[in-house]
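Spelled out from the first residue to the last, the chains are:
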Amino acid sequence: MGILEKISEIEKEIARTQKNKATEYHLGLLKAKLAKYRAQLLEPSKSASSKGEGFDVMKSGDARVALIGFPSVGKSTFLSLMTSTASEAASYEFTTLTCIPGVIEYKGANIQLLDLPGIIEGAAQGKGRGRQVIAVARTADVVIMMLDATKGEVQRSLLEKELESVGIRLNKHKPNIYFKPKKGGGISFNSTVTLTQCSEKLVQLILHEYKIFNAEVLFREDCSPDEFIDVIVGNRVYMPCLYVYNKIDQISMEEVDRLARKPNSVVISCGMKLNLDYLLEMLWEYLALTCIYTKKRGQRPDFTDAIILRKGASVEHVPSPRSLGATLEVLNK
């Protein structure tokens, strides 16, 4: 039985198993096995050629944004509208077959926008160049999930499932769990909060599934078994995601209002160029960037050339002054 068949069997068993106190240990073990098989699936094949498989581009600018979605949802049109790059757009699916980069110039920042080929259901298993698309998405600072407003709910759930299965966690924070394997001493388990989803026995069973028999574990928040497995695996990527519903000119105002009120969501129309300015504002907020301006002593600040930093950065993170005698003053515009 191959890895795909094993994953399918475990997913079916999880789906038909009732969730209660009596089955929580069984479900925990199944989820640990599922995470192991998925990790094996993502490992590069030894027999595969190393040439011509990926289409990653060099990271440039102040931030990177990955544009993902199903075929023919408007990704290429969006790239052409927001950047000076012309990405081929047509009425048929799979117009874009490789990664096309563009640059959004906003508030003095250069934001690299990557138009990735449309992914299909089963992308995590390699269908439709899905692995390459998802591998590039893991390197982004923010993911824009482009959805067709006429069928957005179905597309959103399928895409979230594909990204979840390869270790991309959207709009989630890293679990506050301290985990450190040791050479001896058994498993030391503690928690600073009341746990309602995990128990010491379940933690031990999951660790034994990964052949870990000596470790120190400290829960600082009430986490689920899935989150604990993420901590053990250690290669999960936590990133913000904007759900962008395109083609709102094809649905009713009531439906537009319902979609716009969803968390982390923006409604737009690339065809009619509606609400694109608001999308840029939201993207800037999700990237958490801020503008820093330099000034020479006794002169006015130069607002034409900003240094772009992440919010929360201090003066020590600012590059050295661009000319001798320049001093830095942090001026948040």
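The name given to the chain in an unreviewed UniProt entry is OBG-type G domain-containing protein, with the source organism recorded as Aotus nancymaae.

A. Seen up close, the overall build of the chain. The helix and strand inventory of the chain stands at nine helices and 15 strands. Looking at the chain as a whole, 42% of its 333 residues are labelled buried. Restricting the contact set of the chain to residue pairs at least 6 apart, pairs at least 24 apart contribute 65%. Carbon and sulfur atoms form 51% of the exposed surface of the chain, whose accessible area is close to 18000 Å².

B. Molecular detail of the sheet that holds strand E6 (residues 177-181). Read across the sheet, three strands follow the order E6-E8-E7 without closing on themselves; strand pairing throughout is mixed. The sheet is open, and its two edges are formed by E6 and strand E7 (187-191), each paired on a single side. The sheet shows a mean angle of 5° between the axes of neighbouring strands, direction not considered. Judged from the five bridges that link them, E6 and strand E8 (residues 215-219) form a sheet pairing that is antiparallel. Along E8, the bridge assignment pairs Pro181 with Ala215. Its contacts with the sheet place helix H7 (residues 225-233) against E6 and E8, and it is angled at close to 45° to E6.

C. Structural view of the pattern of salt bridges. Considering all chains together, one arrives at twelve salt bridges under this definition. Arg310 serves as the salt-bridge partner of Asp141, at 3.2 Å between the closest nitrogen and oxygen. A residue pair is termed long-range when its members are at least 10 positions apart, and Asp141 in the loop between helix H4 (130-137) and strand E4 (142-148) and Arg310 in strand E14 (residues 307-310) qualify at 169 residues. Using a relative accessible area of 34% as the deciding quantity, one classes Arg310 as partly exposed.

D. Geometry of the packing of aromatic side chains. Taken as a whole, this structure holds four aromatic pairs when the rule is applied. A centroid spacing of 5.8 Å and a plane angle of 70° characterise the contact between Tyr106 and Trp284, whose relative ring orientation is edge-to-face. With Tyr106 in strand E2 (residues 100-106) and Trp284 in helix H9 (residues 276-287), this residue pair connects regions lying 178 residues apart in the sequence. Aromatic side chains Phe219 and Phe228 sit 5.6 Å apart centroid to centroid with 35° between the ring planes, which places their arrangement in the tilted category. Put simply, the rings of Phe179, Phe189, Phe219 and Phe228 touch in pairs and so form one group of aromatic residues.

E. Expanded view of the packing of helix H6 (residues 200-209) against H7. Orientation of H6 relative to H7, taken along the N-to-C sense of each, is 40°, at an axis distance of 11 Å. With respect to their mutual orientation, H6 and H7 come out oblique. Of the two possible hands of crossing, H6 and H7 adopt the one that is right-handed. Within the contact between the two elements, H6 uses Leu202, Val203, Ile206 and Leu207 and H7 uses Pro225, Phe228, Ile229 and Ile232.

F. Structural view of the layout of surface pockets. Taken as a whole, the largest pocket spans an internal volume of roughly 670 Å³. Lining the largest pocket are 28 residues, and of these Arg38, Glu164, Ser165, Arg169 and Asp226 lie nearest its centre. Mapped onto the lining of the largest pocket, the elements with two or more residues apiece are helix H1 (3-16), helix H2 (24-42), helix H5 (152-165), strand E5 (168-170) and H7. Counted by class, the lining of the largest pocket contains twelve nonpolar, three polar and 13 charged residues. Counting the residues that make up the lining of the largest pocket, at least three belong to each of domain 1 (3-44 + 175-233) and domain 2 (63-84 + 99-172 + 237-287).

G. Main features of the pairing of E7. Across five bridges, the pairing between E7 and E8 is parallel. Within the sheet, the bridge partner assigned to Ile187 lies in E8 and is Ala215.

H. Structural detail: the nonpolar core. Membership of the largest hydrophobic core comes to 63 residues, with the highest contact counts inside it found for Phe78 and Ile268. Broken down by element, this core gets its largest block of residues, eight residues, from H9. When residues of this core are assigned to domains, at least three map to each of domain 2 (63-84 + 99-172 + 237-287) and domain 3 (289-329). In contact with Ile268, not counting residues within four places along its chain, are Phe78, Met146, Val244, Tyr245, Asn246, Lys247, Ile248, Leu274, Asn275, Leu276 and Leu279.

I. Structural detail: the sheet that holds strand E10 (residues 241-246). Strand order in the open sheet formed by six strands is E2-E3-E1-E4-E10-E11, and the pairing between neighbours is mixed. A strand with exactly one partner marks an edge of an open sheet, and here the two such strands are E2 and strand E11 (265-267). Each neighbouring strand pair of the sheet contributes to a mean axis angle of 25°, computed without reference to strand direction. The sheet contact formed by E4 and E10 spans six bridges and is parallel. Each bridged residue has a counterpart across the sheet, and for Leu147 the counterpart in E10 is Tyr245.

What counts as what
- Residues numbered from 1 in each chain as written.
- Predicted model: local features only at pLDDT ≥ 70, side-chain atom pairs only at ≥ 80, totals over all residues.
- Heavy atoms only, no water.
- Helix = DSSP H or I, 4+ residues; strand = E, 2+ residues; numbered from the N terminus.
- Buried < 20%, exposed > 50% of the residue type's maximum accessible area, 1.4 Å probe, protein only.
- Contact = heavy atoms within 4.5 Å.
- Areas by Shrake-Rupley, 256 points an atom, 1.4 Å probe, with all protein chains shown as cover.
- Pairing = 2+ DSSP bridges.
- Axes fitted to C-alpha atoms, helices over the stretch in contact; angles between N-to-C directions.
- Salt bridge = Lys/Arg side-chain N within 4 Å of Asp/Glu carboxyl O.
- Phe/Tyr/Trp six-rings, centres within 6.5 Å; stacked < 30°, edge-to-face > 60°.
- Parallel < 35°, antiparallel > 145°, perpendicular 65-115°, else oblique.
- Left-handed = near helix turned anticlockwise from the far one by under 90°.
- 1 Å grid on protein atoms, 1.4 Å probe; cavity = no way out; pocket = protein on both sides within 12 Å on 5 of 7 lines; lining within 4 Å.
- Points joined across faces, edges and corners; volume = space filled by probe spheres on them.
- Nonpolar A, V, L, I, M, F, W, Y, C, P; charged D, E, K, R; others polar.
- Domains from an automatic or database assignment.
- Core = buried A, V, L, I, M, F, W, Y, C linked by side-chain atoms within 4.5 Å.

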